[in-house]
Amino acid sequence: MGTPVNIIVGSHVWVPDPDVSWIDGQVLKINGQETEVQTSDGKKVVAKLSKVYPKDMEAPPAGVDDMTKLSYLHEPGVLQNLKTRYELNEIYTYTGNILIAINPFQRLPHLYNSHMMQQYKGAPLGDLSPHVFAIADVAYRAMVNETKSNSILVSGESGAGKTETTKMLMQYLAFLGGRSSTEGRTVEQQVLESNPVLEAFGNAKTVRNNNSSRFGKFVEIQFDKHGRISGAAIRTYLLERSRVCQISDPERNYHCFYLLCAAPQEEIQKYKLGSPKTFHYLNQSNCYELVGVSDARDYLATRRAMDIVGISEKEQEAIFRVVAAILHLGNIDFAKGKEVDSSVLKDDKSKFHLKTVSELLMCDPKALEDALLKRVMITPEEVIKRSLDPLNAAVSRDGLAKTVYSRLFDWLVDKINVSIGQDPNSKSLIGVLDIYGFESFKHNSFEQFCINFTNEKLQQHFNQHVFKMEQEEYTKEEINWSYIEFVDNQDVLDLIEKKPGGVIALLDEACMFPKSTPETFTSKLYQTYKNHKRLPKPKLSRTDFIISHYAGEVQYQADQFLDKNKDYVVAEHQDLLSLSKCPFVAGLFPPVPEESTKYSSKSSKFSSIGSRFKLQLQQLMETLNSTEPHYIRCVKPNNLLKPAIFENVNIMQQLRCGGVLEAIRISCAGYPTRRPFFEFLNRFGLLAPEVIEGNYDENIACQKVLDKAGLKGFQIGKTKVFLRAGQMAELDARRAMVLSNAANAIQRRIRTHYARQRFITLRKATIHLQSLWRRRLACKLYEHKRREAAAAKIQKNLRRYQARMTYKRVCVSVLILQTSLRAMAARTEYRYRRQTKATIAIQGQWRCHKASSYYKKLRKASIVTQCRWRGRIGRKELRKLKMAARETGALKEAKDKLEKRVEELTWRLQLEKRLRTDLEEVKAQEISKLQSSLQAMQTKIDEANALVVKEREAAKKAIEEAPPVIKETQVIIEDTKKIDSLTVEVSSLKASLQREKQRADDSDRRLADVQELSDGQRKRLEDSDKRILQLQETLQRLEEKCSNLESENQVFRQQAVSMAPNKFLSGRTKSILQRGSESGHFVDTKIPLDLHSHSMNQRDLSELEERPQKSLNEKQQENQELLIRCISQHLGFAGNRPIAACIIYKCLLHWRSFEVERTSIFDRIIQTLGHAIEKTQDNNDILAYWLSNASTLLLLLQRSLKASGAAGMAPQRRRSSSTTLFGRMTQSFRGTPQGVSLAFVNGGMTGGTENLRQVEAKYPALLFKQQLTAYVEKIYGMIRDNLKKEISPLLGLCIQAPRTSRASLVKGSSRSVANSAAQQALIAHWQGIVKSLRNFLDTLKENHVPPFLVRKVFTQIFSFINVQLFNSLLLRRECCSFSNGEYVKTGLAELESWCYDATDEYAGSAWDELKHIRQAIGFLVIHQKPKKTLHEISRDLCPVLSIQQLYRISTMYWDDKYGTHSVSPDVIGSMRVLMTEDSNNAVGNSFLLDDDSSIPFSVDDISKSMEQHIKISDIEPPALIRENSGFSFLLPRAD
């Protein structure tokens, strides 16, 4: 690992710890070769200086994705980096090109979806975050480019995730080289679908894993010369056969036994099974079920998987009969027989199981019993039968069970390979090796020996690969290096496999002698290797031996080595099962050639599992040596199999067993620390400031810094600095010293500043005290002056009060006098104004009455005059219509339609009148009620007034009639009383009159409110009427569209049905029938002929069929040919109107091509269009020209074509497309003679598209419209994809700032000119994108592409830019830096400027499509991130980004400019909690964006967006057809 140097007091270091392997701390003191360290948990420990390693305090908070980038490449640095990344759910980490995968024990679906595969496709290794897809992609690219086979070695201990990693590799290779399915399934699908079968028969529960593979698997994926998967094969190694008969608690046997015991009841009864507890091979452990696993469901799943891989029902039934037979075979027990060394079946239970085994295997029960209890020895003289004792009989039984199960497993593998299919012609393959990792338990047997032997072989291969990588790195950087010595494990391999004398050879020799025992084997082993350093001897056991592997010492128990190594097949077992009546069982034991047993003196031929395994391993290594290897090391973070738990000691052991630490040790033997020039200068440039300020190249600057530091042995490569082990620590120590001196200088300055601040504070306090005393004296003087001023003020106020009182008395007198005079003048003015107002009111009423009478008379006379004039005009119109009706019957249909329309409108009018009448009645009733109440009140008022008048008159009369006064009498008193009473009554009447007036005013106000309410209701009613009319119009348009669609469908069906019968009609007859049925007349160039005329006879028809038709068809073909030649040329534009589209439309409309049942003109136009764009797929100018023409022509067709037969198919829903009388009448003119029709056509062309007449289109026209729509979408997609291809290379450069610009930031101010030039070059790539966009927009404008389509194109292009930049940002950590955020922000400003220049007409909402990358970049460049809360980040800063995306950006962020940190750990924890909740609620929670390549518009969208009128009447025809008389209709006509 290198020797740490320059460990000084205060250094941050790593020290060994028995609990967590390594713990960080700070050095307190150093005593010779020992150091005292204050650890992070508060303890003080003393450690040897050689066991202490420096800690990198400037390591990124999220770790590094490639551990070769670590400043200190040692065990604690590697462990801490893996732990940091694992806590952030970054489970993959590189070590060079070796991938370390830590099992997360939870689903992370966002890492493995198809979009993630697309991102890693073709990406160089290291450009994106570490991933298993990157390793698979590198292997695939190397295979395709170099035509050399590759292999991927996946290793790790049980439970580390090897099987899942292998599945991911298979899925990605299928994504890259998948082929079309054969019989419904592809090769890669078959390989993946075979996993459940192999897992059921080859996996079992172990102490460390519930689904541990107990065999090695090498999947060969074969490819053809085009890089497509052409075949596959599965090779298996060393199935753990002893597990069939022997298991230890709490492990389980193979899954298939438990699955069969959980099968449906009929299956259990058929195989005579029961609970797993009743079988000897299963009840040796107390574990029968797995938590969260249903064996019954897994049984059905296994049966389905067998169906998928091609195992028939009959074969499945035979397979499970064999499995059941093995279970019953284990329950056969033996007892001593009557003879010496003989045995018999123990009891009836054993006999029952023996019988069941014979029934399941379909063999003779007696022969089975003899095969288990007896042996036959063949000698040249005679055949000898001998019995076996119970112990040997049990060994024979177990041997038969292991042999049968092993043969069954081999048959399954062969069957799967046959089902998948191998490609014998394949010359390239990618092999995926899923094999067990290094194992070291408390009790290690023969299986662990073979497994560790395999790992020793693979470790040697791995070491050679790592050493080769180091050599390639040194050669690439062109540095001077000599051969690096590193410890190889060849001595261990020689100890195990060397002949003669190796462990396997000695074991085979011991197995061949019957009297050999484990003690003799181990003693022979230690006699052969007495002083071997790799073979230490245990002290307490005579049957154990120890081997020092690369991962540590392992003590093996050789008690069962001899039995487990024997692989011979007993002849009796072979003969018994080969004669089975079951073809499947007999196939597992094919007959052995006689030559092999003819001269054998034993009952069986010896075969060794160790030798066979060594041969298989040799073949595997030959395969691996012939391929380019790639390594994936799987790591299990904890033994609890739970997420978010990182056990340091366990992981260190796995890294050691996986060879990762060995690879690091090899790297440390050379140059373990490599730093790019920029990073080296950025970190250690302060050691030589004069070098940084000078104008040196980066490599020369690095050389000078190292020379000044006095280091020896380093190397300067082309792009990196290579340092020996310990040199990085020495540089860091010197850097820390420089920083410490700088800190001391800063502290001195700060202390000086503090002292000066104290002095200034004291001086300010003294001045403040003096100011207080001076203020006290000033206050006394102020108090004296204030009292003098108060006395003067009191005198002044008293004098002012006396004067004010005198003034007020005079003022009151004057006001009283003025008030009296003004009141008298006001009363006089009031009386005059009242009289004037009454006079004006009388005059106004009279003039109003006079004007109203005159207006009513005038209105009545006007109405009478209008009615008579309209009647006269109507009669003239009626006479014209009657004359037209007598000339032709074509108006009958219009009349019927008019009548229906009139009836409908009449019905609606009546309904509206009824509604209005009801409303008027309600209003009239309300008004009448209010008027009646008003009249009643007015009557009461009149009565009261009359009563008052009468009382007054009575009073006057009484006064007049009173006799003259002669003397004072009592009568005068009575009259006075009467007058008083009358006065009181009059006052009461006045009061009542006032109340009535008030009540009348209230009634008037209520009446006014009611009238306002009625007016509001009237307005709402009118609004409702308008809304009803609008809805009716909308409904009318929708019904027309539905009827047209139904008509098109009906026409298509009719066309398909009538396609065959129409073949028998002659072209001329069919043309006549078409013209007769569609237009009712035949059009000649000079003479119009009426087919409805009664004078048309059979002779005319025959002449019409013979002579004119042929000439017309020839002329029409010539015109069509000329049109096709014309539009094949670039005709340009008239204003903003494409000439070709307008010419095509006018020709088709004039030729009535839309109304015929069969024509070739549409196909020829489509072929011309297709040929033009196929030749120029990369020429955006030509594509834009045709897009403009195609979209304009499609718009004209959309607004003028309608499906024929719509009225007949949906009469109840069809509405007339024209609401005016003129528009409805002109629809019936299609049956008129040629002159009328053409005149209308030419007149219809004078306006815009709103005046285009509706044409009833036939099947060819409708098909042409659909084809034209498809070509518009195709051309649009081609233009969009061309622009994507053009800017894609620039986008890859725009996501990360150029390295030169970053290096320039390190150098001093003396290079400001160069820095400014570099700043100008920063946005070169962005300006390239803007230039492409600007040129593209100019091209579209020059070809007058509709702005709607331009907006759609740029919206999708900006969405593509957003997706590419944002996904690259999330997948590349070097892009998530502060300076890179500033760089991208500058580029986005360029895009924003372009959007502003392009205006909303063409750019539209394109800028809004960049919301993801804009918010992500805004987060990168914002300051004080640790102070931001999750709510502020997710709601204010980045509302569009998901929690997964924010989490990834936050954890990958690093500040290369100011050294600030990312968000706080609390925010990271909250994000992780939310992510866990989201992963539980949803499966597809990918943090990457998807690019939308769909067509974002329809024909209706184009039609709605192009509201401007397209005037086609004044289009000048091209010169090619201008002089042709057949195209005279194209010439513009004067109004």
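Because the structure is predicted, anything quoted here is derived from the model rather than measured.

Turning our eyes to something else, we now look at the sheet that holds strand 2 (residues 21-31). Ordered in space as 4-3-2-1-5, the 5 strands form an open sheet in which the pairing is antiparallel. In the strand order of this sheet, the two ends are held by strand 4 (44-48) and strand 5 (53-54), each with one partner. Pairing analysis gives 5 bridges linking strand 3 (residues 34-39) to strand 4, with the strands arranged antiparallel. Bridged to Val-37 within strand 4 is Val-45. Packing of helix 1 (residues 75-87) onto the sheet brings it into contact with strand 1 (12-17), strand 2 and strand 5, and relative to strand 2 it is tilted by some 135°.

Moving on, we come to the environment of Ser-1359. Looking at the secondary structure, you find Ser-1359 in helix 43 (residues 1347-1371). Counting along the chain gives 50 residues from Ser-1359 to Glu-1409, while the straight-line C-alpha distance between them is 5.1 Å.

Regular strands show a simple pattern: their side chains alternate between the two faces of the sheet. Here 6 bridges tie strand 18 (residues 544-549) to strand 19 (residues 552-557), and the two strands are oriented antiparallel to one another. Note on strand 19: the bridge partner recorded for His-549 is Gly-552. As consecutive antiparallel partners, strand 18 and strand 19 are separated by 2 residues.

Remark: helix 12 (residues 365-373) packs on helix 19 (residues 571-578), axes separated minimally by 9 Å, with the N-to-C direction vectors making an angle of 165°. Classed by the angle they form, the pair helix 12 and helix 19 counts as roughly antiparallel. Between helix 12 and helix 19 lies a crossing whose hand is left-handed. Here helix 12 contributes Ala-367, Leu-368, Ala-371 and Leu-372 to the contact with helix 19, which in turn contributes Glu-572, His-573 and Leu-576. When the residues that make up the contact of helix 12 with helix 19 are grouped by side-chain class, the tally is 5 nonpolar, 1 polar and 1 charged.

Another point: empty space enclosed by the protein. Enumeration over the complete set of coordinates arrives at 17 cavities of 30 Å³ or more. By volume, the largest cavity amounts to about 190 Å³. Ser-155, Gly-156, Arg-633, Cys-657 and Gly-658 are the residues nearest the centre of the largest cavity, which is lined by 21 residues in total. For the lining of the largest cavity, a count of residues per class yields 12 nonpolar, 7 polar and 2 charged.

About the criteria used
- Residues numbered from 1 in each chain as written.
- Predicted model: local features only at pLDDT ≥ 70, side-chain atom pairs only at ≥ 80, totals over all residues.
- Heavy atoms only, no water.
- Pairing = 2+ DSSP bridges.
- Helix = DSSP H or I, 4+ residues; strand = E, 2+ residues; numbered from the N terminus.
- Contact = heavy atoms within 4.5 Å.
- Axes fitted to C-alpha atoms, helices over the stretch in contact; angles between N-to-C directions.
- Parallel < 35°, antiparallel > 145°, perpendicular 65-115°, else oblique.
- Left-handed = near helix turned anticlockwise from the far one by under 90°.
- Nonpolar A, V, L, I, M, F, W, Y, C, P; charged D, E, K, R; others polar.
- 1 Å grid on protein atoms, 1.4 Å probe; cavity = no way out; pocket = protein on both sides within 12 Å on 5 of 7 lines; lining within 4 Å.
- Points joined across faces, edges and corners; volume = space filled by probe spheres on them.

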